[in-house]
Amino acid sequence: MKQIKKLFRYFLLYGFSRSIIKVAGRSKVIYLKYLYLNLYIQKKKSVSLIGAGQFGFSTISYYIQKNKRKIFLDCYDINQDSLNFISRFYGYMKISNINNLYNNPDCKIVYIASNHSTHMEYAIPCINKGITVYVEKPLVVNYDQLKLFYKAINGKNIKNKIFLGFNRPFSSAVLKLNKFIHNKKEPLSLNFYVIGHKISDSHWYHDPKEGTRICGNVAHWIDLMVNLMNTRGEIPTYFSINIKFTSNTKKDDNFIISISTNYEDIVSIFFTTRSEPFEGVNETLNLQCGSVISKIDDFRNLQIWDNDFYFKKRFIFKNVGHERAILQPFTNLNTRKFIESSGIYRR
């Protein structure tokens, strides 16, 4: 009964198609593929995937088939069960040697959704071969990997070749908000309240070599913070950061990060994981930038005040920006210009 109730809630949150693909990824029911007609529209295969877990299955592959039809080429994963299922469902060719994936001349885009510590290991060969690569967050988990990345891109023309899986700036709510703070050049007061998944002590997210939940989860809101600062027209040069946590043995659960800058910004990221949220991660954003005040409630409701102006929008389905983010490697010039004018760009 509980699972039926959860499925019904997911229908209301994400719609039928997105909810069913989440069910398929968890349950491994192959017959659900027959609900997706796009998987029978074969186009030139050009996209490969590294990492056949839930995100690679129900988010990356789902949005590609929804928008680009069946263009799946090769897939690699060390988990054979996940690899077998995603290959049967979407039509990927199973690859046991990762070098065969890199060396396939038909491969134009590689999506990387493996364990965080392996992202750079898989990304560098793609960069060296000139393959467009989409790396799910985080790009790196330590300074040594960052040095390797800089060494790999040194002297290369990587424009429109490397994309990162930070999706919140691509959400409908943030895109709308960007228009009100674009080039405003006022200090930000910003608060994120995030109720995250409750995971076991043995979960790989807690492994220090994987970057802990700071890289695994909180990186999303750090990225969104920087994006909003960039949109308002100024990224600070100095950040003062303080972290308060509830347990010395579980420092990446139940904590608050407070940040101030030389631009007089004040930011807090409150991350709590005391119980599993029934409908998944729940997020609230509160912002003030000059005369603009805004509240985003779980990416389903948006409110904006600007002096006597008031705007309110309720989105039909929850939209945290995954679709637009994942389709970045396919965006044409006109779409890219639209995204930049909306405030999604990096200096």
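Some thoughts on the overall build of the protein chain
Consideration 1: When helices and strands are tallied, the protein chain shows eleven helices and 14 strands.
Consideration 2: For 347 residues, the compact-globule estimate of 2.2 N^0.38 gives 20 Å, and the C-alpha radius of gyration of the protein chain, at 20 Å, lies within 12% of that figure.
Consideration 3: Oriented by its inertia axes, the alpha-carbon framework of the protein chain measures out at about 55 × 55 × 50 Å.
Consideration 4: In the protein chain, buried positions account for 51% of the 347 residues.
Consideration 5: Considering only contacts within the protein chain whose residues lie at least 6 apart along the sequence, 67% involve residues at least 24 apart.
Consideration 6: Accessible surface computed for the protein chain: about 17,400 Å², of which carbon and sulfur atoms make up 53%.
Consideration 7: A distance of 7 Å separates the average location of the 50 positive side-chain charges in the protein chain from that of its 26 negative side-chain charges.

Remarks on the pairing of strand β2 (residues 70–76)
Consideration 1: Where burial is concerned, most of β2 is hidden: seven out of the seven residues are buried.
Consideration 2: Taken together, the four bridges between strand β1 (residues 42–50) and β2 define a ladder with parallel strand orientation. When the sheet's bridge partners are listed, Ile50 is paired in β2 with Tyr76.
Consideration 3: In the classification by handedness, the crossover that spans β1, the intervening helix α3 (residues 54–68) and the parallel β2 is right-handed.
Consideration 4: Looking at chain direction, β2 and strand β3 (residues 93–94) are connected through two bridges and run parallel. In the sheet register, Cys75 faces β3, and the bridge partner there is Lys94.
Consideration 5: Between the parallel pair β2 and β3, the chain is carried across by helix α4 (residues 80–90), and the sense of this crossover is right-handed.

What about the packing of aromatic side chains?
The relative placement of two aromatic rings is captured by the distance of their centres and the angle of their planes.
Consideration 1: Taken as a whole and judged by the stated rule, the model has 22 aromatic pairs.
Consideration 2: Considering the side-chain rings of Phe72 and Tyr90, the 5.3 Å spacing of their centres and the 65° angle between planes classify their relative orientation as edge-to-face. Here Phe72 is found in strand β2, whereas its partner Tyr90 is found in helix α4, with 18 residues between them in sequence. The same class applies to Phe72 and to Tyr90, which are both buried.
Consideration 3: Each ring, one from Trp305 and one from Tyr310, has its centre 5.4 Å from the other, and the planes form 40°; the classification is tilted.
Consideration 4: An aromatic cluster is defined as three or more aromatic residues linked by ring pairs; in this entry it consists of Tyr36, Phe57, Tyr62, Tyr63, Phe72, Phe85, Phe89, Tyr90 and Tyr92.

Looking at the sheet that holds β2
Adjacent strands of a sheet pair through backbone hydrogen bonds, lying either parallel or antiparallel.
Consideration 1: The strand order across the open sheet formed by six strands is β3-β2-β1-β4-β5-β6, and the pairing between neighbours is parallel. Looking at the sheet topology across the chains shown, the edges are occupied by β3 and β6 (162–164).
Consideration 2: The strands that α3 touches are β1, β2 and β4 (109–112); relative to β2, the one it contacts most, it runs at about 155°.

Focus: the sheet that holds strand β14 (residues 309–314)
Consideration 1: Judged by pairing direction, the sheet is mixed, and its eight strands sit side by side in the order β8-β9-β10-β7-β11-β12-β13-β14 without closing on themselves. The sheet is open, and its two borders are formed by β8 (239–245) and β14, each paired with just one other strand. Geometrically, the sheet is characterised by an average inter-axis angle of 5° between neighbouring strands, direction not taken into account.
Consideration 2: Against the sheet, helix α8 (residues 172–181) touches β11 (282–289), β12 (292–297), β13 (301–306) and β14, its axis set at about 175° to β12.

A few points about the pairing of β14
Consideration 1: With six bridges connecting them, β13 and β14 associate as antiparallel partners. Paired with Ile304 across the two strands is Phe311, which belongs to β14.

Looking at the side chain of Ser48
Consideration 1: On the secondary structure map, Ser48 appears in strand β1.
Consideration 2: Those residues in contact with Ser48, other than ones at most four positions away along the chain, are Leu73, Asp74, Leu101, Cys107, Ile109, Val110 and Tyr111.

Some details on the packing of helix α2 (residues 16–27) against α3
Consideration 1: Running from N to C, α2 and α3 cross one another at 145°; their axes reach a closest spacing of 9 Å. In this structure, α2 meets α3 at a crossing whose hand is right-handed. Within the contact between the two elements, α2 uses Ser17, Arg18, Ile21, Lys22, Ala24, Gly25 and Arg26 and α3 uses Gln54, Phe57, Ser58, Thr59, Tyr62 and Tyr63.

Quick word on unusual backbone geometry
Consideration 1: The omega angle of the peptide bond from Lys137 to Pro138 is -5°, so this bond is cis rather than trans.
Consideration 2: Considering the arrangement of structural elements, one finds Pro138 in the loop between β5 (132–135) and α7 (143–153).
Consideration 3: Notably, Asn254 is not glycine yet its phi reads approximately 55°, a positive angle.
Consideration 4: Topologically, Asn254 is positioned in the loop between β8 and β9 (255–261).
Consideration 5: Within the chain, Asn307 stands out as a residue other than glycine whose phi angle is a positive 55°.
Consideration 6: Its location among the elements puts Asn307 in the loop between β13 and β14.

Things to note about the confidence of the model for the protein chain
Consideration 1: Per-residue confidence for the protein chain gives a mean pLDDT of 92; residues scoring 70 or more make up 95%.
Consideration 2: Note that residues 333–347 has pLDDT below 50 and, in this model, 29 contacts with residues that lie over four places away or in other chains.

Each value, and the rule that gives it
- Residues numbered from 1 in each chain as written.
- Predicted model: local features only at pLDDT ≥ 70, side-chain atom pairs only at ≥ 80, totals over all residues.
- Heavy atoms only, no water.
- Helix = DSSP H or I, 4+ residues; strand = E, 2+ residues; numbered from the N terminus.
- Rg over C-alpha atoms; globule rule 2.2 N^0.38 Å.
- Buried < 20%, exposed > 50% of the residue type's maximum accessible area, 1.4 Å probe, protein only.
- Contact = heavy atoms within 4.5 Å.
- Areas by Shrake-Rupley, 256 points an atom, 1.4 Å probe, with all protein chains shown as cover.
- Lys, Arg positive; Asp, Glu negative; His and termini not counted.
- Charge placed at Lys NZ, Arg CZ, Asp CG, Glu CD.
- Pairing = 2+ DSSP bridges.
- Right-handed = clockwise from strand over helix to strand, strands pointing away.
- Phe/Tyr/Trp six-rings, centres within 6.5 Å; stacked < 30°, edge-to-face > 60°.
- Axes fitted to C-alpha atoms, helices over the stretch in contact; angles between N-to-C directions.
- Left-handed = near helix turned anticlockwise from the far one by under 90°.
- pLDDT = per-residue confidence, 0-100.

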